[in-house]
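# Understanding the architecture of this molecule
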Amino acid sequence: PPSPPPFPPPPLPSPPPLAESADRRRKILNSYVGELKLCLLYTNGNISLVTDASLTSGLQTVDDLNITLTAEAAVNEWHYVQVTIKSSGSEDSDANGSYLAHLNVDGNDVNNGRNVYTSSMPESGGNFFVGGMTCNEPTTDCASCEDGSMVDEHYFQGFIDEIYVVQHAQERSPFSPMASTLEYETAYALFDFHRTTSPSCSEEYCGSLLPIVNATLGLNNTDALYRLEPLLWYGKKVLNRANHQEVSYTGDLTTPYVAVPWEPATLCHVETFFAETPYTAYQGSDVRAHGFNFARSQWLKCMFVVSTVTEDANDDKEMSNKVIGVSEELYAMASWSADFGELSCISAGAHLPSMALMQVVNPRSLPLPKQIMGKESALELEGDGILSEEASTVRCGTAPQGETLALTCPVGMRLDKVFFASYGTPKAPCSCQGLLNPTCTPETEELCDGTSHVQECDCDAFEVDPKCDSDVGQAFATTMDIVEKHCLGKPSCVVDASDAVFGNPCGSSDKWLSVSMRCSERWITKDYVDCSPILPKLEGKAFSWAAWVYPYTKQGVQSVVSFGAVEGNMNRAIVQWYGKGNTGMFYYYDDCVNDVFPKRANGDDVELASNQWYHVALTVSEENEAFMYINGFEVVHFSTNSRPESSDSGRCYIGMDLDDYDVPKEYFAGLIDEVKFYNRTVSRSEIMNSSAWTMPEGTDAVAYYQFNIDTHGLSLFDSVCGDQCDASSTLAASTFTVWNSTSLSWDSTTAERHPGYMPTGAPWFPAWTLNVKDASPDNSHLSTSAVGSMAGGETITVTGLNFAAPHARVFYDGEEIDFAILSDTMMTAVVTTVGEPSKQEVDVANGPYTHPDVLGSITTTTYERALLIEDLNHGLFAYYPFFGDASDYGPNQNHGEVVGAELTENRNSFEMQAYEFNEDDVIVVKALTTDTFTVALWVWYADVDPSEYDNCQGYAASPFLDETQVMPGAWKFVAVKGNLTDLDSLTTYLNGYPIEEETKYTSIALHVALSGTIGHEGFAGVVDDVWVYDRTLSDLEIATLYHTQGYSIEFGTGAEVSIERSAAPAKVVGNFTVSAWVYPYEVDGMHTILSKPMAEGYAGMTFGIFRGGLYANMYAGGACLPTEQPNMKCEQYREVKSWKSAVVADTWQYVSVMYTGDAFYFFVDGNLKDFVQYDSVKHFHESPKDLLIGRMMPASEEPVVLDDLAFGGPEDERLFTGLIYSVALYHHANFTQAEMKSMPTCTAHGPDFGLAAYLVLNEGAGYRGHDFTSMGLYSEAKISFAPMRPFFAFYGNSTCSTYGANLNRTEVTGTDLAETVAGEISHFTIQAKDMCGYKMREGGNEFMATITGPMHQLEGQRVCSDESVCEVTIEDQEDGSYMAMFNLTMSGFYHIAVMMDGAGDESKNFVTYVNPSTVNVSNTFIYHSLSDRLDLDELFVGHAGREQIYKVQAVDDFYNLRTSGGDMVDVYFAGPSN
């Protein structure tokens, strides 16, 4: 088969024209055996069935062929034809060769009850032809046919498809696919003329819909959308699918693609009445559809489903009981164009602006409807405006008395303004110019070179001669008015210079007429409506008029509506707008009362803003009492006896007024709609009720113009009398307005309507709120445009239908908020702060002044508010992560001053990233400037030293027993919020949860807010990460701050990171290693992770993702030859694209590249994926340029094109799109594969060998990124953000889950591990950490501890011989910390071992000494001293006069001998007993 044509296919060539004469017959199907049996043909605009049987009289006969059944069939359309031959039901008839023949065309029974017969069924061995007869005479053998014997008129001209012949009478739907309804074995012939190829794909309209279409049709190929049938045209070689045999053909082999009605139509794009937008007039207007397979047939239609709004039975204007639904399927006939992918139809109408779904049916269609929106349209009057600056010129001339003056404009222009006109003896007359007298010879001027030229007329030199001027004694500008009457609005005009026309200003003196006029295209915009035909309906003494009016900024007097007359008082009633630019005034005028201006109470004019809708009404009663209303409010009350003239001499115009010479003037510039005329007085309440939504049914208005339907040409549709109006108002029109692109000239015959229909937001209809989104980038994963932060401040864009300024209002969660209207379908507003995640209702309502309590709203939508990372930065006064100093990494740069505190390891085991305080140490920070505050920090309290024995008082109680104290040795997240003026209102949070009482945890955070110090007198411990806010955070925000332990930066949405190179001299680095954690949103195209430009502008080193794999390049320095530069294919440049190093989207992956001088090695998640070896060693050269993260230098800065790296235009930076965390650059490649494997396991915790630059990008706030290296090659990173988004919108929550607890990295602390007291509850803390040293954030680990001792006892006699005897209780704090408690009563040394999951670690073995407890006197004993007399027990025997020496052994409650003194013991003696 030939190659498929380009797609979309070009319009099909039309078949040769079909003659409508009897001798030109086109055979569609014929079958005969020796003689004709059956023929289906097209002739004279009919499809006919011909048989060989003798037929009843009265049927048409053509060339001895009986045309038995005939049906009309239009050309250039598809028609379905079905012929059925079946038994007559009579054996005799069948035996005599009489069979019933039945014809169905387009689903219609052509037989219509008549029996039509043929002599036999088609016979085996007979002939079957498609598309025409082969020879002049029917014959079974065509081998003898000569070329000259072929009869052209017998061949069908057009398309034929889907032919089937079966051996039984079977009715079949025209739209059933052949294979699904017919069995091949029962068929004689099946022809579908399918090609083996399909049209190529196109993305113009429907390319993005391919997956939907394929799923709908159950196909897997990308050509599903373009299932346009290749058909038979003038014959071709085809396959009979019934027996899979090819059938012979005659003629050209032509198989064009064409739209067919048995395949579904696909609607892809819609153009409507209001240009190429999804908006149409709500009452119905022209819609143009683009798509595929729009087949020309009676079944091709547009289908609409329209939104409906049903009000309650009480005509409730608030529509509080409205019911929103959808209409039934509404169909409109389609008009097709030359392209089978385009058609037009009239959209289904609604009774108010609303939405609809449109589909093109064929009669089937793919389920891909398009939404269109029905807008209100208003009549736009352009008010005498110039269309272009250069489209004007001046024509002037002079005609002597008795002659005729002729003025002619250039083509396309008209005479539209009189600059000068005087009949008499005006000064500086012209010589023949403008004179309609061919015999007049203009004056010439002799030039210095001897030549001469016609002296031009100086139009600016005309000047009135007051001694003889036709205006003397007349009204002002009478002569100009007369000239206007003759010339205004015409391409050319003639005016007689005579006393009969202008009067005789100066007796018998010679006089002349001089005129100067402007020619311009301004006449095209001289818009108005001639409403004079409605005047007979206004007979009577009372009348009213009302309309919605939208004035533009045109200055001067403009007539909104004018009623006039030819005789008498010519100005009967005029509603005027006096424009002053941005403001203006409505007022009334008639010749009886002249100007009537609305006034305020202080006497000022009522000035109103331009470019807004106003409802204006005028009523005059039979008693001459008149009122003017604006937006339902009475603005002026007066009396007049002037009325519109209802006879033939009356005049009525909308948007213009005629002067006394019937010359149009005072053109209105703006919109006007909903114009109503009444022949009675209308009350204020009626005006208010009829100004909103729609006019009530049963109104007695005599005329009502809604300006909605653009299908009546110059005539206006009157909604009162509809199409039955005897006389209809008309729109202004003129000729010379249509440019003919063929003749390249103005068409001088066709009148073009001036006023146009303008889509508008109408305050008299309710609004639809459809969607709301913020300004989040579409490619951002951190925030979507449908979800906003809790902090608020975002500008949301609300889209919908029929937003009418200034009557529209925006309600956010029931509260009215400020907004800005961008168009009648879009507005913006700034959302406020919310306290918790929720969905807020957004409602745009039209509330016209005539109904101040009405909220004209049909639908609402919601805007979701969620806690985002950016909320945690809202109100951030300072942030101290302690990256080696007390710098503020927040946006305000409120750096702290360290006084005594020293850097130490932080909670995640990073060295020099926290501060240790010892009693008097502090960090001084800037004090808050607000009373409301939140301070959050991580704190680790040091354990207190063991208390001293206080004689008989014993030991002080352990701090653990005081619940207002703290848990030493455990990292805790503390937050305090409140108001500094009311410290009783403070709330303290521990690990994200509020606690009821204040503790020492409260004081450490409160001091930051109260005194501006981190740390305070008496504090001993470590502080890590301090956040200071000038607002109170919500409970959820504090909990999220606790749980968010890691951040990353989103690239590709506006963030840029660069690491400034220090002044250290550049050197040859040689080898390098780059690694990073990345979360790409997409992997197609090029996404740079890290790049290092060279001083010469070359891409010195680049690492990133290219088309789903890793890539890297390296430039060794030195210049490439000019011939090598276009693609940098020179010896100094190496680049590798590794398809084996596959990277996937939307997943965290650790990617690395290692360049060893002679090879690139690529790693994903620590696994070697690919390497490329070179046969020589080349070293990478350092440069003084900055390191770039997430991008390359713009292509415009590169002196050469870098192969595939130059992906876009000059500013293309090959941006990374996604999240990046922890980027490291090593100036060596000495890692083993095992070391590379371990790299993603634990992030580097600080400076490492050869680590040249290392950014964790974990700040979560501000514009700085800390470099954790010590080489000094690079300074801190600069982070910049798109100006349209706050900086914190680029930080993502990248909190990684920790590994399981690791006993070796776990910290066990407490002073009781060294010394404790018998009988007291002793404690120590287990702070669990994972294998990387990160603090565990959750509990659940199986820690245990064993105690053995005391060690001075024999092993088998020890009190604590196993864990069941001396139990250690471990309480899980569920935050990664554990409190261990034990109680020993026998003093001495004990061994304590901490284990996890039954296994121990040498580093977790401790020896503690148990001191005796407080002295117990009852257990204490006294004994004599053996040092003086060994043979005398002085407790029993003493000697008078001699000192008796005794000893008292203090014993505690547990019979432990106390080993230190200090207790005061009283010993009492009594006696002598005798």
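Residues numbered from 1 in each chain as written. Predicted model: local features only at pLDDT ≥ 70, side-chain atom pairs only at ≥ 80, totals over all residues. Heavy atoms only, no water.

Let us look at the environment of G884. Within the element layout of this structure, G884 appears in the loop between strand 65 (876-880) and strand 66 (897-899). The sequence separation of G884 and Q913 amounts to 29 residues, and the corresponding C-alpha distance is 5.6 Å. The contact partners of G884, leaving out residues within four places of it in the chain, are L903, M912 and Y915. (Helix = DSSP H or I, 4+ residues; strand = E, 2+ residues; numbered from the N terminus. Contact = heavy atoms within 4.5 Å.)

A few words now on the pairing of strand 85 (residues 1159-1164). Successive side chains on a regular strand alternate, one facing one side of the sheet and the next facing the other. Counting buried positions over the six residues of strand 85 gives five, a clear majority of the element. Bridge analysis of strand 84 (residues 1149-1155) against strand 85 gives five bridges, and the strand direction is antiparallel. Opposite Y1155, over in strand 85, you have F1160 as the bridge partner. Where strand 85 lies against strand 86 (residues 1167-1173), six bridges are found, and the strand directions are antiparallel. Pairing of F1162 across the sheet is with D1170, part of strand 86. (Buried < 20%, exposed > 50% of the residue type's maximum accessible area, 1.4 Å probe, protein only. Pairing = 2+ DSSP bridges.)

Throughout the structure, instances matching the rule amount to 24 salt bridges. Where E484 meets K665, a salt bridge forms, and the shortest distance between an N and an O atom there is 3.3 Å. With E484 in helix 4 (residues 478-487) and K665 in strand 46 (residues 664-665), this pair connects stretches of sequence that are 181 residues apart. The class for E484 is buried, based on a relative accessible area of 11%. (Salt bridge = Lys/Arg side-chain N within 4 Å of Asp/Glu carboxyl O.)

Attention shifts here to the packing of aromatic side chains. Applying the stated criterion across every chain, the model contains 48 aromatic pairs. Between F1072 and F1180, the aromatic rings sit 5.6 Å apart at their centres with planes inclined by 75 degrees, giving edge-to-face as the arrangement. Residue F1072 is located in strand 79 (residues 1072-1080), and its partner F1180 is located in strand 87 (residues 1180-1181); the two are separated by 108 residues in the primary sequence. F1180 shares its class with F1072; the two are buried. (Phe/Tyr/Trp six-rings, centres within 6.5 Å; stacked < 30°, edge-to-face > 60°.)

What follows is about helix 7 (residues 1000-1011). When the terminal C-alpha atoms of helix 7 are compared, their 16 Å separation across twelve residues agrees well with the 16 Å that a helix rising 1.5 Å per residue should span. Here helix 7 has its buried residues at Y1001, T1002, I1004, A1005, L1006, V1008 and A1009. On its buried face, helix 7 sits against strand 70 (932-941), strand 71 (971-979), strand 72 (982-990), strand 74 (1013-1014) and strand 75 (1019-1029). Remark: G1012 follows helix 7 within two positions and exhibits a positive phi of approximately 70 degrees. (Expected span 1.5 Å × (residues − 1).)

To continue, consider the confidence of the model for the protein chain. Considering every residue of the protein chain, the mean pLDDT works out to 79; 78% of them sit at 70 or more. Counted against residues more than four places away or in other chains, residues 1-25, with its pLDDT under 50, gives 63 contacts. A low-confidence stretch, residues 232-236 stays under pLDDT 50, and its non-local contacts, those more than four residues away or across chains, total 28 contacts. (pLDDT = per-residue confidence, 0-100.)

We now examine a negative patch on the surface. On the surface, E622, E623, E625 and E634 cluster together into a patch of negative charge. Among the structural elements, E623 can be located in the loop between strand 41 (614-620) and strand 42 (625-630). Taking relative accessible area as the criterion, E623 reaches 61% and is therefore assigned exposed. (Patch = residues over 30% accessible without salt bridge, like charges linked within 9 Å, V, L, I, M, F, W, Y side chains within 5 Å. Areas by Shrake-Rupley, 256 points an atom, 1.4 Å probe, with all protein chains shown as cover. Lys, Arg positive; Asp, Glu negative; His and termini not counted. Charge placed at Lys NZ, Arg CZ, Asp CG, Glu CD.)

We now examine a nonpolar patch on the surface. A contiguous nonpolar surface patch, about 1,000 Å² in accessible area, is contributed by F1421, I1422, Y1423, L1435, F1436, V1437, V1448, L1457, V1465, V1467 and F1469. Looking at which element gives the most residues to the nonpolar patch, the answer is strand 102 (residues 1421-1424), with three residues. Following the sequence through the fold, L1435 ends up in the loop between strand 102 and strand 103 (1446-1449). The exposure class assigned to L1435 is partly exposed, which follows from its relative accessible area of 34%.

Ordered by their spatial adjacency, three strands build an open sheet running 66-69-74, and the pairing between neighbours is antiparallel. Since the sheet does not close on itself, it has two edges, and those belong to strand 66 and strand 74, each with one partner. Of the pairings in the sheet, the one linking strand 66 to strand 69 (residues 922-924) comprises three bridges and is antiparallel in character. Within strand 69, the position partnered with V898 by the bridge is I923.

This part is about the sheet that holds strand 62 (residues 838-846). Read across the sheet, five strands follow the order 56-64-62-58-59 without closing on themselves; strand pairing throughout is mixed. The sheet is open, and its two borders are formed by strand 56 (787-789) and strand 59 (815-817), each paired with just one other strand. The average angle at which neighbouring strand axes cross in this sheet is 40 degrees, direction not considered. Where strand 56 meets strand 64 (residues 861-866), three bridges bridge the pair, whose relative direction is parallel. Following the sheet pairing, V787 is matched in strand 64 by E864. (Axes fitted to C-alpha atoms, helices over the stretch in contact; angles between N-to-C directions.)

Restricting attention to buried positions, one finds in helix 8 (residues 1035-1043) the residues E1037, I1038, A1039, L1041 and Y1042. On the buried face of helix 8, the contacting elements are strand 70, strand 71, strand 72, strand 75 and strand 76 (1047-1051).

Inspection of the secondary structure puts Q558 in strand 36 (residues 556-565). We classify Q558 as buried; its relative accessible area is 0%. C-alpha separation for the pair Q558 and A669, spaced 111 residues apart in sequence, amounts to 7.5 Å. Once residues lying within four places of it in the same chain are set aside, the contact partners of Q558 are V575, Q576, W577, G579, E666, Y667, F668 and A669. Among the polar contacts listed, one links the side chain of Q558 to the backbone oxygen of K554, at a separation of 2.9 Å. From its side chain, Q558 meets the backbone oxygen of G556 in a polar contact 3.3 Å long. (Polar contact = N/O pair within 3.5 Å; in protein donor to acceptor, adjacent residues only side chain to side chain.)

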